[in-house]
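One-letter residues, chain by chain:
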Amino acid sequence: MRRKLLLGNWKMNKTVTEAKEFALNAKELGKLARQNKVDMGVCVPYICLAPVKKILKTSLIVGAENCHELDHGAYTGEISIPMLKDIGISWCIIGHSERRTYYGETSEACNKKLIALLNNGLIPVYCCGESLETYEKGETKAFVEEQIRTGFKDISEEDASKVVIAYEPIWSIGTGKNASKEIAEDICSFIRSIIKDLYGSKVSNRIRILYGGSVKPNNIKEYLTQKDIDGALVGGASLDVNSYKELLTNLL
Ligand code: PGA
């Protein structure tokens, strides 16, 4: 049985002061999530990681939104995996569509980051998903397949099942135009079949696949009751502590 996973993605939102306030108000939620066998957490801006982790400790997952694949060096403005580890961070989003679109991140670059995170014992949340244009041309599956195969290149069977995949159609992110549960399930089940082809059914049955894109408290349940959707990556609705709580309570 795969454990459900609910992850917030704050993107470039919240000051440290606002983040601490959120963490104090969300702290108790971890117990409810655990009682109901749900893993729950937030991925937050670098500057908020240490203060939020200090408050939440192990009650909720605290993850980064990106990282560099090298341990150290002359890369102005970047954050390395040892820096994340040093403050107790063990989760990191990789290849979010906003990073791919605005910062030119390719699946090859994501692959290096996935390998580096896994070598350091961190859990990557690898994002994939197509643009509206690709969707309208009916090329979603070919596009996503390439993202998955390239992203998982040279990753061992043992490591592969530790990765969390998030399918987020770009046309549904922050637009309120969420993919129907049928579309989301069709692509998540297709992604699982690619993982099966790459690693066999032991890994494909174990790996967690999330849907993301305009997930809200009022629609989360319809996604999470699909066979191949194990959770959600949530942007906007994870910013307000009340709607963040409702994401969990509406799921139960
Ligand atoms: P959204 O963002 O929930 O605001 O659509 C999802 C994401 O980008 O991860």
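For the structure, see preceding data.
Residues numbered from 1 in each chain as written. Predicted model: local features only at pLDDT ≥ 70, side-chain atom pairs only at ≥ 80, totals over all residues. Heavy atoms only, no water.

S.K.: Explain a positive patch on the surface here, please?
M.R.: A cluster of basic residues, Lys20, Lys27, Lys54 and Lys57, forms a positive patch on the protein surface. Among the secondary structure elements, Lys27 is positioned in the loop between α1 (16-26) and α2 (29-35). The partly exposed category is assigned to Lys27, whose relative accessible area is 33%. (Patch = residues over 30% accessible without salt bridge, like charges linked within 9 Å, V, L, I, M, F, W, Y side chains within 5 Å. Areas by Shrake-Rupley, 256 points an atom, 1.4 Å probe, with all protein chains shown as cover. Salt bridge = Lys/Arg side-chain N within 4 Å of Asp/Glu carboxyl O. Lys, Arg positive; Asp, Glu negative; His and termini not counted. Charge placed at Lys NZ, Arg CZ, Asp CG, Glu CD. Helix = DSSP H or I, 4+ residues; strand = E, 2+ residues; numbered from the N terminus. Buried < 20%, exposed > 50% of the residue type's maximum accessible area, 1.4 Å probe, protein only.)

S.K.: Help me understand the side chain of Glu105 in this model?
M.R.: Structurally, Glu105 is set in the loop between α5 (97-103) and α6 (107-119). Classification of Glu105 by relative accessible area gives buried; the value is 10%. A distance of 2.9 Å separates the side chain of Glu105 from the side chain of Arg99, its partner in a polar contact. Leaving out residues up to four positions away in the same chain, Glu105 has contacts with Asn66, Gly95, Arg99, Arg100, Cys110 and Lys113. (Polar contact = N/O pair within 3.5 Å; in protein donor to acceptor, adjacent residues only side chain to side chain. Contact = heavy atoms within 4.5 Å.)

S.K.: What is the right way to look at the packing of helix α8 (residues 140-151) against helix α10 (residues 181-199) in this model?
M.R.: For any two helices packed against each other, one specifies the crossing angle of their axes together with the interaxial distance. As a packed pair, α8 and α10 sit with axes 10 Å apart at the nearest point and diverge in direction by 45°. In terms of orientation, α8 and α10 fall into the oblique class. Both α8 and α10 take part in a crossing whose hand is right-handed. Residue-level contacts link Thr140, Lys141, Val144, Glu145, Ile148 and Arg149 of α8 to Asp186, Ile187, Phe190, Ile191, Ile194, Ile195, Asp197 and Leu198 of α10. When the residues that make up the contact of α8 with α10 are grouped by side-chain class, the tally is eight nonpolar, one polar and five charged. (Axes fitted to C-alpha atoms, helices over the stretch in contact; angles between N-to-C directions. Parallel < 35°, antiparallel > 145°, perpendicular 65-115°, else oblique. Left-handed = near helix turned anticlockwise from the far one by under 90°. Nonpolar A, V, L, I, M, F, W, Y, C, P; charged D, E, K, R; others polar.)

S.K.: Looking at this structure, how should I read the site of the ligand?
M.R.: Taken together, 13 residues surround the ligand, and among them Lys11, His96, Glu168, Gly174 and Ser214 come closest. Contact between the ligand and Gly236: an oxygen atom at 2.9 Å from a main-chain N or O atom of the residue. Summarising the interface, the protein chains cover 97% of the accessible area of the ligand, which totals 280 Å² for the free molecule. A class-by-class count of the residues in the shell around the ligand yields three nonpolar, eight polar and two charged. (Near = heavy atom within 4 Å.)

S.K.: It is not clear to me how unusual backbone geometry should be interpreted in this structure. Could you clarify?
M.R.: Most peptide bonds take the trans form, and the phi angle of most residues other than glycine is negative. Its identity as a non-glycine residue notwithstanding, Lys57 has a phi of 45°, on the positive side. Mapped onto the elements of the fold, Lys57 is located in the loop between α3 (46-56) and β3 (61-64). The phi torsion at Asp154 lies on the positive side, around 65°, for a residue other than glycine. Of the residues examined, Asp154 reaches a relative accessible area of 63% and is grouped as exposed.

S.K.: Is there a simple way to explain α10 in this structure?
M.R.: Because an α-helix packs 3.6 residues into every turn, residues spaced three or four apart end up facing the same way. Along its 19 residues, α10 runs 26 Å from first to last C-alpha, staying within 8% of the 27 Å computed at 1.5 Å per residue. Every buried residue of α10 is accounted for by Ala184, Glu185, Ile187, Cys188, Phe190, Ile191, Arg192, Ile194, Ile195 and Tyr199. Following α10 by one or two positions, Gly200 has its phi on the positive side, about 95°. (Expected span 1.5 Å × (residues − 1).)

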